[in-house]
There are 2 protein chains.
Amino acid sequence: MPPIVALIGRPDHGKTTLLEKLVPELHERGVRVGTIKHHAHHGFAMDIPGKDTWRHRQAGARIVALASPSGLGMIRTMEHDSDPRLLTARYFTDVDLVIVEGYKTSDLAKIEVFRTAARGTPPAEQASHLIATISDADIRPGLPRFPADDIVGIADFLIQTFLEPTAQGGETKAATVFLTVDGREVPLNAFVSQCIDGTARGLVSSLKGCDPAGEIVLSLGRRCRDHDR
Amino acid sequence: MPPIVALIGRPDHGKTTLLEKLVPELHERGVRVGTIKHHAHHGFAMDIPGKDTWRHRQAGARIVALASPSGLGMIRTMEHDSDPRLLTARYFTDVDLVIVEGYKTSDLAKIEVFRTAARGTPPAEQASHLIATISDADIRPGLPRFPADDIVGIADFLIQTFLEPTAQGGETKAATVFLTVDGREVPLNAFVSQCIDGTARGLVSSLKGCDPAGEIVLSLGRRCRDHDR
């Protein structure tokens, strides 16, 4: 699973503008970036009104996909909020780094974006797991701080922190096993994760051209009754 | 994996309009529907220009997700066309039926939509795997035919064909195993599918609250070198 870093900060402090500059800089250095935008509230809009897929969804389709040779889009109904690590494990299989906007209350590694000229004040509560700030003011003394226009410096910091061989990102060190049964996540402790990880990799290792140390996704369709003994 | 049916027919013959009426009818009968719109060409548009996620994607993010408690959207770059069965196995885990617009040349079960008043002529080539037509003209003698406004009749037909216990849809009968390693799909023959299916279900069966006959998705993150012996 790729490492995840969250950009937090109030609206208008420049999170998206920063991402717009940071993604191309990382891309130029060979880092494939995925992003997640989190809305804590129920509002959700992600398609172009009037398009066929939009019409499918309006009609009540639970999951709608748009597939072309260059892109794939998928929009689906959820009954609960998504955990960013589960989203990453399931959907972000071929990127090197996931940058999240939001998930302020999660335990993800976080970078706070703040500029004094913007509306609002810095988050009153102390955010946990902060690793740096991007700001024109020293709002978190003791943490690394970058000006918002130091895109090269910010990219360097992300690469050093999350992607170099010595990175202590944590995520890539342990067995990262994600299991759902009938769409519900099954919580796994470290021992069970290790068992499943070892068994599944053993299975895959005998298949031609498979790297058993790789990122493995295994999907099994529901069995029909005929096949249950 | 839910069964899949493809609506084929030229533009303006009413495929999307039909779906707009059919999805609510099926929904009312307790059938959860997913849809896939296929574009054979490279054009791809599925987000609202100016939105944060759109800006992430414009900046070059390979995968962009929008997550809220009520919905999840994901848009990603592809290097090749997507197989509708793989899409279904991977993403459509909690629907009962997938209706596809397009994939005319696939071997999916197909329903041809045609109306004489529309522009264009019926497909000249004989489409394979046709199971019915929705038309005001008898374009495929011998096949079941429904008028476009017979939504109840069309829904009955789909339920009988794909969802009743005696349905010979085929898809739900065999082990439907989908495996990717480092984002590449690994082709599996029937024997290997059965082996993997049995082993993975055996693993899951001992976990609390897991139905080993259920729809199972297992994701293993890449192992770092420290963990390879």
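Throughout this description, residue numbers start from 1 for each chain and increase along the sequence as written. Here every chain gets a letter starting at A, and every ligand a number starting at 1, in the order they are written. Only residues with pLDDT of at least 70 are given local features in this predicted model, and only at 80 or more are side-chain atom pairs given and counted; all residues enter the totals for whole chains, interfaces and linings. To obtain the side-chain values, all non-hydrogen atoms of the structure were included, while hydrogens and water were left out.

Between the first and last C-alpha of helix H5 (residues 190-205) of chain B there are 22 Å, a value that for 16 residues agrees with the 22 Å anticipated at 1.5 Å per step. Any two residues whose heavy atoms approach within 4.5 Å are treated as being in contact. Here a helix means four or more residues in a row that DSSP labels H or I, a strand means two or more in a row labelled E, and each is numbered from the N terminus. Of the surrounding secondary structure, the elements contacted by the buried residues of H5 of chain B are strand E9 (177-181), helix H5 (190-205) and strand E11 (216-220) of chain A together with strand E9 (177-181) and strand E11 (216-220) of chain B. Polar contact criterion, stated in full: a pair of N or O atoms within 3.5 Å, where within protein one must be able to donate a hydrogen and the other to accept it, and residues adjacent in sequence count only if both atoms are side-chain atoms. The N-terminus of H5 of chain B is capped by Asn189 of chain B, whose side-chain oxygen sits 3.1 Å from the backbone nitrogen of Phe191 of chain B. One less than the residue count of a helix, multiplied by 1.5 Å, gives the span that helix is expected to have.

Before going further, it helps to spend a moment on the layout of surface pockets. Here a cavity denotes a set of grid points, spaced 1 Å apart and computed over the protein atoms alone, in which a 1.4 Å probe fits but from which it cannot get out, and a pocket denotes an open set meeting protein on both sides within 12 Å along at least five of seven lines; residues with an atom within 4 Å of a point are reported as lining. Grid points are joined across faces, edges and corners, and a volume is the space filled by probe spheres set on the points. Taken as a whole, the second largest pocket encloses approximately 820 Å³ of empty space. Taken together, 40 residues form the lining of the second largest pocket, with Ile8, Gly9, Arg10, Pro11 and Lys15 of chain A sitting closest to its centre. When contributions to the lining of the second largest pocket are tallied by element, the ones reaching two or more residues are helix H1 (15-28), strand E2 (33-38), helix H3 (84-91), strand E6 (109-114) and strand E7 (130-135) of chain A together with helix H2 (52-58) of chain B. In terms of residue count, the dominant contributor to the lining of the second largest pocket is H1 of chain A (5 residues).

This brings us to the pattern of salt bridges. Oppositely charged side chains are able to pair whenever their charged atoms sit close together. Residues and elements named next belong to chain A. In what follows, salt bridge is the name for a side-chain nitrogen of Lys or Arg lying within 4 Å of a carboxyl oxygen of Asp or Glu. Tallying each qualifying case throughout the model produces 28 salt bridges over all chains. For Asp107, the salt bridge is made with Arg85, and the minimal N-O distance between the two is 2.9 Å. Here Asp107 is found in the loop between strand E5 (97-101) and E6, whereas its partner Arg85 is found in helix H3, with 22 residues between them in sequence. Taking relative accessible area as the criterion, Asp107 reaches 42% and is therefore assigned partly exposed. Think of it in three bands: with a 1.4 Å probe and only protein chains considered, a residue is buried below 20% of the maximum accessible area for its type, exposed above 50%, and partly exposed in between.

The next point concerns the relation of the copies chain B and chain A. The transform that puts chain B on chain A rotates by 180° and translates by 0.1 Å along the axis, for an RMSD of 0.2 Å. Each copy turns onto its partner about a two-fold axis. The C-alpha atom lying nearest the rotation axis in chain B is that of Asp47 of chain B; the distance is 2.2 Å. Comparing contact sets, 100% of the residues at the interface of chain B also lie at the interface in chain A, consistent with an isologous, same-surface contact. Each copy is superposed on the other by least squares, with the fit set by C-alpha atoms of residues at a pLDDT of at least 70 in both.

What follows is about the packing of aromatic side chains. Any pair of Phe, Tyr and Trp rings, taking the six-membered ring for Trp, is counted once the centres come within 6.5 Å. Such a pair is stacked with planes under 30 degrees apart, edge-to-face with planes over 60 apart, and tilted for the rest. In the structure shown here, the tally under the stated rule is 3 aromatic pairs over all chains. A centroid spacing of 5.7 Å and a plane angle of 10° characterise the contact between Tyr91 of chain A and Tyr91 of chain B, whose relative ring orientation is stacked. Pair noted here: Tyr91 of chain A is in helix H3 and Tyr91 of chain B is in helix H3 (residues 84-91), and the two residues belong to different chains. For the pair shown, Tyr91 of chain A and Tyr91 of chain B are each scored as buried. On the numbers, 5.3 Å between centres and 50° between planes, the contact of Phe146 of chain A with Phe157 of chain A is tilted. Of this pair, Phe146 of chain A sits in strand E8 (residues 145-146) while Phe157 of chain A sits in helix H4 (residues 151-163), and the two are 11 residues apart along the sequence. With a relative accessible area of 13%, Phe146 of chain A lands in the buried category. According to the relative accessible area criterion, Phe157 of chain A is buried, its value standing at 13%.

Residue and element names in this part refer to chain A. Of all residues in chain A, 90% have pLDDT values of 70 or greater, and the mean over the chain is 87. Here pLDDT means the predictor's own confidence in every residue, given as a number from 0 to 100. A low-confidence stretch, residues 169-173 stays under pLDDT 50, and its non-local contacts, those more than four residues away or across chains, total 12 contacts. Scored below 50 in pLDDT, residues 225-229 makes 5 contacts in the model with residues more than four places away or belonging to other chains. Model confidence for the complex is summarised by a pTM of 0.80, with the ipTM given as 0.81.

Positionally, Asp47 of chain B belongs in the loop between strand E2 (33-38) and H2. Of the side chains with opposite charge, Lys51 of chain B lies nearest to the buried Asp47 of chain B, which makes no salt bridge, at 7.2 Å. Looking at Asp47 of chain B, its side chain comes within polar contact range of the main-chain nitrogen of Trp54 of chain B, at 3.1 Å. Not counting residues within four places of it along the chain, the set of residues in contact with Asp47 of chain B comprises Met46 and Ile48 of chain A together with Thr53, Trp54 and Ile75 of chain B. We score Asp and Glu as negative and Lys and Arg as positive, and we do not count His or the chain ends.

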